[in-house]
Amino acid sequence: MEEKRSGKRRGKEMLGDLAAWERENGEDNSEMLARLRRNLKRVRREELTKRQSEMLHLYYDLGYSMPRIALELGVNKSTVSRTLARARARLKRYLRYTL
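Owing to the predicted nature of the structure, the values given are computational and were not obtained by experimental measurement.

Colleague: Go over the pattern of salt bridges, please, and point to the residues and values.
Modeller: Scanning all chains against the criterion turns up 5 salt bridges. With a shortest N-O distance of 3.5 Å, Arg42 and Glu46 are connected by a salt bridge. Placement of the pair is Arg42 and Glu46 together in helix H2 (residues 30–46), with a separation of 4 residues, close to one helical turn. Look at Glu46 and you get partly exposed, because its relative accessible area is 47%. Ionic pairing is found between Arg68 and Glu72, a salt bridge with its closest N-O pair at 3.8 Å. Placement of the pair is Arg68 and Glu72 together in helix H4 (residues 66–73), with a separation of 4 residues, close to one helical turn. Overall, the relative accessible area of 41% leaves Arg68 in the partly exposed class. A network of salt bridges, in which partner residues are shared, links Arg42, Arg45 and Glu46.

Here it is as structure tokens:
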């Protein structure tokens, strides 16, 4: 039983060592993140419908829940869910090639 504990502890130590190694040796991706942020703003502005853009803003930027968005806009919760899913799919489709 003592071996199991030491094995688990060793596993955690290895994961901690790996995380430290990755921080020290990992690539700097700040340029890639900056490009992604620029493209995300552009895609939200140019490629989404007005309704998709509005719901994304309420959900992600303002932190509204789906039921609250539905109440505010006078639509069903399922409409909010579907609209957000379509907006995310459209964002993913356009942003996939920007990195």
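Colleague: Describe the environment of Glu47, and please don't skip the residues or the numbers.
Modeller: With respect to the helices and strands, Glu47 occurs in the loop between H2 and helix H3 (50–61). Sequence separation of Glu47 and Leu91 is 44 residues, and the distance between their C-alpha atoms is 8.1 Å. Within the structure, the side chain of Glu47 is placed 3.1 Å from the side chain of Tyr94, a separation counted as a polar contact.

Criteria and thresholds
- Sequence order as written defines the numbering, with residues in each chain counted from 1.
- The predicted origin of the model limits local features to residues at a pLDDT of at least 70 and limits the giving and counting of side-chain atom pairs to 80 or more, whereas totals for whole chains, interfaces and linings rest on all residues.
- The side-chain quantities take in all heavy atoms of the structure and omit both hydrogens and water.
- When a carboxyl oxygen of Asp or Glu is within 4 Å of a side-chain nitrogen of Lys or Arg, the pair counts as a salt bridge.
- Helix and strand definitions follow DSSP, with helices as H or I runs of at least four residues and strands as E runs of at least two, each counted in order from the N terminus.
- Relative accessibility thresholds used throughout: buried, under 20% of the residue-type maximum; exposed, over 50%; partly exposed, between the two (1.4 Å probe, protein chains only).
- Definition of a polar contact: a pair of N or O atoms within 3.5 Å, with one able to donate and the other able to accept a hydrogen when the atoms are protein atoms, and with sequence-neighbouring residues admitted only if both atoms are side-chain atoms.

Purely geometric numbers; function is a separate question.
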